[in-house]
Amino acid sequence: MLISAVALSGAVALSAQTLDTSLKPMTRQRADMLLGRTAITGPVKSLIPGEHMGALDTLETGNPEVRIVLFADNTWKYIRNADILATEKYFNENWNEYPDAYHLDYSNLPERTTLWLVDDNSQYCCPNPVAVYSKFGYRHKRRHQGVDLPLKTGDPVRVAFDGKVRVSKYYHGYGNLIIVRHANGLETFYAHLSARDVNVGDWVTAGQVIGKGGSTGRSSGPHLHFETRYKGYAFDPEWLIKFPEGHLRNATFTLKRKYLNPASHYVPSSDDEEEEILLAEQEERAEAARKAQQQASVQYHTIRSGDTLGKLAVKYHTTVNQLCKWNNITPKTTLRIGRKLRVH
Ligand SMILES: [Zn+2]
């Protein structure tokens, strides 16, 4: 079987010397057996760069969405068929050259979204596994929408997940910037690069070198500025990745809307739950205070001869409609003398 350039498009760096066309294709039965692997549970280790070097061949499986890549070291992995991925909405809608391709209001973002980060046929590799030098959040009153990961100029920068390159461009602030969109809608940003090795529209797989580290744009020294975004909004990458090891905290991630606030930042799960309880308590107290205040401001009027709803509305700076609502009456209700009406 010959290597299919389409199936491998951007998947693995492939040089002519590594081709070995004498390899026999895997049988359908064998492929089906292999496809029944168990689900991944976190934490998920980062791929070791260079481990899977030298792709030999791609094989069809029973499932047209999935193909198998065989490597020179006798290992193999699944890749998703890029031709089918290309038809999915995330690779077609809101696809432009701007850092924020969506321009959504914060209020239109989902309360919570569960994202599959890795599964049997998509992997993960830490772009630069070092200690975070500068965290996500506000820094000298400027919002910092990613994490800064020090490196040396020229060091390889690897893409975190499989995906398609949406932006490969120089920006005044970001310097050389690459944005990759992934099949779950997540986007990852790689900024201040000294070189960009991929073009818009390229398909990339986790661990592939997409550029070289540098200090271009607004940068005070060589580092990778790494962002994770969803629907155009950045959230702290430390929610996903444990630095300096670079491992994924879990195979799935529940993204809460509050994480998309630029002032938020990663907190360990126990703290996060405590924070939620605290917020709920604060909310309850605020609600009780609102009710108490409302109660305190309630005012009554005792009906006297000559009172009409119209006159009372003027006197108490309200409307006949509001008076009717408060007292469960209609404008035609007869006002008995001595009756107490709520007027505020
Ligand atoms: Zn930064």
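These numbers were taken from a predicted model, which means no experiment stands behind them.

Asker: Please provide a residue-by-residue account of unusual backbone geometry, values included.
Answerer: Of the consecutive residues F243 and P244, the connecting peptide bond is found in the cis state with omega at 5 degrees. Counting through the fold element by element, P244 comes out in the loop between β17 (241-242) and β18 (247-248). Even without being glycine, N94 reaches a positive phi, approximately 50 degrees. Its identity is not glycine, yet H317 carries a phi of approximately 50 degrees, on the positive side. Here H317 is to be found in the loop between α5 (309-315) and α6 (320-327).

Asker: Outline the sheet that holds strand β8 (residues 156-158), supporting the account with residue identities and numerical values.
Answerer: What the three strands build is an open sheet, ordered β8-β14-β12; its pairing is antiparallel. A strand with exactly one partner marks an edge of an open sheet, and here the two such strands are β8 and β12 (195-196).

Asker: Now, about the environment of D148: what can you tell me, with residues and values included?
Answerer: Inspection of the secondary structure puts D148 in strand β7 (residues 147-150). Discounting chain neighbours no more than four positions away, the residues touching D148 are V132, Y133, S134, H223 and H225.

Asker: Give me the lowdown on the sheet that holds strand β2 (residues 66-71), citing residues and values where you can.
Answerer: Hydrogen bonds between backbone groups are what pair the strands of a sheet, and the pairing can be parallel or antiparallel. The strand order across the open sheet built from three strands is β1-β2-β3, with neighbouring strands paired in antiparallel fashion. Since the sheet does not close on itself, it has two edges, and those belong to β1 (55-60) and β3 (76-80), each with one partner. Adjacent strand axes in the sheet meet at a mean angle of 30 degrees when their direction is disregarded.

Criteria and thresholds
- Residues numbered from 1 in each chain as written.
- Predicted model: local features only at pLDDT ≥ 70, side-chain atom pairs only at ≥ 80, totals over all residues.
- Helix = DSSP H or I, 4+ residues; strand = E, 2+ residues; numbered from the N terminus.
- Pairing = 2+ DSSP bridges.
- Contact = placed C-beta atoms within 7 Å.
- Axes fitted to C-alpha atoms, helices over the stretch in contact; angles between N-to-C directions.

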